[in-house]
Structures are given as C-alpha cells and as structure tokens.
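# Chain and residue survey
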Amino acid sequence: MQDPSDKTNFYIEPVEIEIYLKKAGTVKTIIKNLYIELIDEEPKLEFSRKLFTHFQSMDEPIDLIEAQNYFPEIILPFSNSYFQFENLYVKLSMHFQAAIGGSIDSWRQSLYLTELLMKYEPTIAALEILGDFHTYNLNYIIRKLNRADQTIALEDSTVAYLIKRHRKAMAEKGEKPDPEFEKLVELWEYNLKERIIY
C-alpha cells in the first residue's frame, strides 16, 4: 500500500528490513513504515450504543468515572467488574481531563493506561453492558496524537491486535489482502520472534 496522504486514521509501526549489499559484502538496515488503519468499534449492546453516542457527541474518550455521573446505572456493574483496578480508572480519568485541557503528555499517559487495562478484558460489565470501550479509546487517543504530530510506540500485543482488526474488517468487506501490507506484517512478526529469542 502507498503511504496515505492523511495519516490521522492510521497507527504507524516502523519495521526494520535488512538488505544484503552483495558488492560491499555488508548488511544495511532500512526502516519502512507499516500503516495499520484504525477500525472503529461499533457498539452492539443497547446501553453501549448510548454510552458511545454520549462521548462521541462531546468528542471525548469514554471515561467510565465521568460516565457514572451521567449513567448511575453503571455504578454497580463498574464496581463489580473493576474494583481491583478502580484506582487506575481514576488515574485514567484524571489524565483524560488534563489531555482534553491540552496536555500532550496526558494523552500519552492515557494511551499507556488504556493498553494496560485492555489486558484485563473482557469483563462481565464490558460483555453485558459497556461494550468494547477500550478499543474506542485506543483509536481516539491514537488519532489525537497523530493530529498533534506525535510519534507513538505501542506494545507489540497492541500492534498485533490492530493488525487483527484490520484484517477482519478487510475480510468482512470482501476486499483482498494488500500484498505489501501483508509482507510488512510478516517482517514485523519475524522481527518480533527474533527479539523474543534474543
């Protein structure tokens, strides 16, 4: 795939490619960007549609601490599913508010916390009421940092998750895989295995 002119809707993962220069007898490493399109999460549950719409209308990430002020019916489900991580959600909420106020560092902290909290999903609250709000937030934050022309480095597991979502969306639309995209993914996966080995 060609580099998109508008990179807002993509996560960009640098991929190292080693090229053997036969005449010089040396190996040169170049970097090629893997552009992973961000696929929006469509809420399927009745309440999740209301939750997503509320925060979309304000152009804000989904803040579960703030959401309890608007939707008191989620207080108990939130407490039951997230009591172990409530301090992290409070911290995330604080960073969201600071980020909305203009702090780039708080967007970065929000991204880190979102990646961390995603590891403990799915919960009963997410499956039965809230929907996949973390994916909504992940995409939202990446786009915000892209618009601010900030470099982003996600965890490998998060990159793999975005690749999986992109592939699924392509398959559902009946589109053929992009050969260049798939080749770069293959190289990224190879590099990842090499890092794990060493």
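Predicted model only: the values in this text are computed from it and were never measured.

## Focus: empty space enclosed by the protein
Counted under the stated rule, the structure contains two cavities of 30 Å³ or more. Forming the walls of the second largest cavity are Ile62, Asp63, Leu64, Ile65, Tyr89, Leu92, Ser93, Phe96, Phe133 and Asn137. Sorting the residues of the lining of the second largest cavity by element identifies helix H2 (64-70), helix H4 (86-100) and helix H7 (133-147) as the ones contributing at least two each. With four residues, the single largest contributor to the lining of the second largest cavity is H4. Looking at the lining of the second largest cavity residue by residue, the class counts come to seven nonpolar, two polar and one charged.

## With respect to the side chain of histidine 134
By secondary structure assignment, the location of histidine 134 is in helix H7. Given a relative accessible area of 2%, histidine 134 falls into the buried group. Only 3.4 Å separates the side chain of histidine 134 from the side chain of glutamate 121, close enough to count as a polar contact. Setting aside chain neighbours within four positions, we find histidine 134 in contact with Tyr89, Thr114, Leu117, Met118 and Glu121.

The rules we used
Residues numbered from 1 in each chain as written. Predicted model: local features only at pLDDT ≥ 70, side-chain atom pairs only at ≥ 80, totals over all residues. Heavy atoms only, no water. 1 Å grid on protein atoms, 1.4 Å probe; cavity = no way out; pocket = protein on both sides within 12 Å on 5 of 7 lines; lining within 4 Å. Points joined across faces, edges and corners; volume = space filled by probe spheres on them. Helix = DSSP H or I, 4+ residues; strand = E, 2+ residues; numbered from the N terminus. Nonpolar A, V, L, I, M, F, W, Y, C, P; charged D, E, K, R; others polar. Buried < 20%, exposed > 50% of the residue type's maximum accessible area, 1.4 Å probe, protein only. Polar contact = N/O pair within 3.5 Å; in protein donor to acceptor, adjacent residues only side chain to side chain. Contact = heavy atoms within 4.5 Å.

The quantities given are spatial measurements derived from coordinates; they are silent on function.
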